[in-house]
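# Architecture and fold: a report
Next come the chains, spelled out residue by residue.
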Amino acid sequence: MYKLKVQRNKCNACGMCALESNVLHEDSAGIVEVIGEGIIADADVEKIKNVIGLCPTEALSLIEDSIDVAARIAELKKKMQEPLTFTPPSKDNYEFSLEDKDQYAEELTRSSSASVDGDWEYNYKSYESAKSAGERAFRDEIYSQADALGQQVIVMYEQRKMNKVARYAETSGNYKYGVHQRLIKKLRAFVNEIESYTGKKISLPSNFYNFYTKDTEYIDNLQDHANKWVAEGFKENMKPASEFYTCVKTDKTDDYVKVSHWFGDDEYKTVKKYAYYINKESIGRFYRYVARAAWYAGKYTSKFCERELERFHKEITEEWKNKISYLLQKV
Ligand code: SF4
């Protein structure tokens, strides 16, 4: 029996051999490695010699290996039935951090369409009527957007962090894709060994190397409109509008009118006027509070992500077991 060897330090990542052989795999830098034990069935020796001939740097070689086939098959069967292990991504990859909270608050302020910018508005005859008009304006123009802004924060969070973990994307660094790739490589190594030991090609279903654990439906829902329970979490953590009425200032305007005439100056008292004023800085504080409430609501999203990872591990383990039991019948 023969084994294929690669001297990785000689490989220049040209990719010629990986195209021609399913015993070889390119790592993310294009450097080739042997899948599994690199066992070559007698029937494939000529083919692999041709592949070795393609290598411009003589990085590939075939060595003869005496193998106790019965012992290796027993070992292989044991290896195939080992339970899968996962290294879930660190929570830093999908949890809100305090740092994010401030960052989101900043973006919220920039992107908000609320435009009350400290201009004097209307004049009122009494302090009370100016105050209640100001509060109404705050509620209608600013506070009413809190819910939508909170969801905006959650969506920004989704896009930046959670997608890498819970959503499937064929890019390196995506957790689900990484797990799929690892398992496909493992399956290929098993198939290789079985074929080498038995000397026969296994006829595999065309979808044998496909995994179906790619569901992203839930996250699409979440991006369209934050889930009901996230929205509830947001409301739970958001103070009522009245808590923010300190954003509204009510000031007295001109009290007196001064008139100059022949006999000197006279001051006539006018009807007192009041105006409301919505302070810009206070609005900034209000936005920070919105971001904070969204940050708390984001904790629900983090839990959702954890649940999604659990579901993924359970489903992929099931898929894996089916594939392995198929292969075990072929050994
Ligand atoms: S043919 Fe040789 S140099 Fe090219 S990828 Fe394969 S091992 Fe590396």
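Here goes a summary of the coordinates provided.

On to the sheet that holds strand E6 (residues 123–124), then. Adjacent strands of a sheet pair through backbone hydrogen bonds, lying either parallel or antiparallel. With respect to topology, three strands assemble into an open sheet ordered E6-E10-E7, the strand pairing being antiparallel. Because the sheet does not close on itself, it has two edges, and the strands there are E6 and strand E7 (248–252). Both E7 and strand E10 (residues 274–278) contribute to a ladder of five bridges, which runs antiparallel. From the neighbouring strand, Lys-249 faces E10, where its bridge partner is Tyr-277. Helix H5 (residues 127–141) contacts E6, E7 and E10 of the sheet and is inclined by roughly 25 degrees relative to E10.

Another aspect to go through is the site of the ligand. Taken together, 15 residues surround the ligand, and among them Cys-11, Cys-14, Cys-17, Cys-55 and Ala-59 come closest. Grouping the constituent residues of the shell around the ligand by class yields twelve nonpolar, three polar and no charged.

Okay, the nonpolar core next. Formed by 27 residues in total, the largest nonpolar core has its most connected members in Phe-138, Cys-247, Phe-286, Val-290 and Ala-294. Elements represented by at least two residues in this core include exactly H5, helix H6 (146–166), helix H9 (228–236), E10 and helix H10 (280–328). Residues in contact with Cys-247, not counting those within four places in the same chain, are Phe-138, Ile-278, Asn-279, Ser-282, Ile-283 and Phe-286. Ranked by size, the runner-up nonpolar core spans 20 residues in total, among them Cys-17, Leu-24, Leu-187 and Ile-194.

Before going further, it helps to examine helix H3 (residues 69–80). Under the 1.5 Å per step criterion, the end-to-end length of H3 is 16 Å for twelve residues, consistent within 8% with the ideal 16 Å. For H3, a buried count of one out of twelve residues is recorded, marking the element as mostly open to its surroundings.

Here the focus is the sheet that holds strand E4 (residues 39–40). Pairing within the open sheet is antiparallel, and its three strands lie in the order E4-E1-E5. Of all the strands in the sheet, the pair left with one neighbour each is E4 and strand E5 (60–64). Pairing of strand E1 (residues 2–6) with E4, which is carried by two bridges, proceeds in the antiparallel orientation. Looking at E4, one finds that Lys-3 is bridged to Ile-39.

Going residue by residue along E10, you find Tyr-274, Tyr-276 and Ile-278 tucked away on one face and Ala-275 and Tyr-277 left uncovered on the opposite face. One ladder, built from two bridges, connects E6 with E10; its direction is antiparallel. Opposite Asn-123, over in E10, you have Ala-275 as the bridge partner.

With a phi close to 65 degrees, Ala-13 is a non-glycine residue in the positive phi region. Position of Ala-13 relative to the elements: it lies in the loop between E1 and helix H1 (16–20). Owing to 13 C-beta atoms within 10 Å, Ala-13 belongs among the partly exposed residues under this scheme. Here Glu-58, not a glycine, exhibits a phi torsion of approximately 55 degrees, which is positive. Positionally, Glu-58 belongs in the loop between helix H2 (45–54) and E5.

Within the secondary structure, Tyr-124 is located in strand E6. Dropping the residues within four chain positions of it, Tyr-124 is found in contact with Ser-129, Ala-130, Ala-133, Tyr-274 and Ala-275.

The rules behind the values
- Residues numbered from 1 in each chain as written.
- Predicted model: local features only at pLDDT ≥ 70, side-chain atom pairs only at ≥ 80, totals over all residues.
- Pairing = 2+ DSSP bridges.
- Helix = DSSP H or I, 4+ residues; strand = E, 2+ residues; numbered from the N terminus.
- Contact = placed C-beta atoms within 7 Å.
- Axes fitted to C-alpha atoms, helices over the stretch in contact; angles between N-to-C directions.
- Near = placed C-beta within 6 Å.
- Nonpolar A, V, L, I, M, F, W, Y, C, P; charged D, E, K, R; others polar.
- Core = buried A, V, L, I, M, F, W, Y, C linked by C-beta atoms within 7 Å.
- Buried ≥ 20, exposed ≤ 12 C-beta atoms within 10 Å, placed from the backbone.
- Expected span 1.5 Å × (residues − 1).

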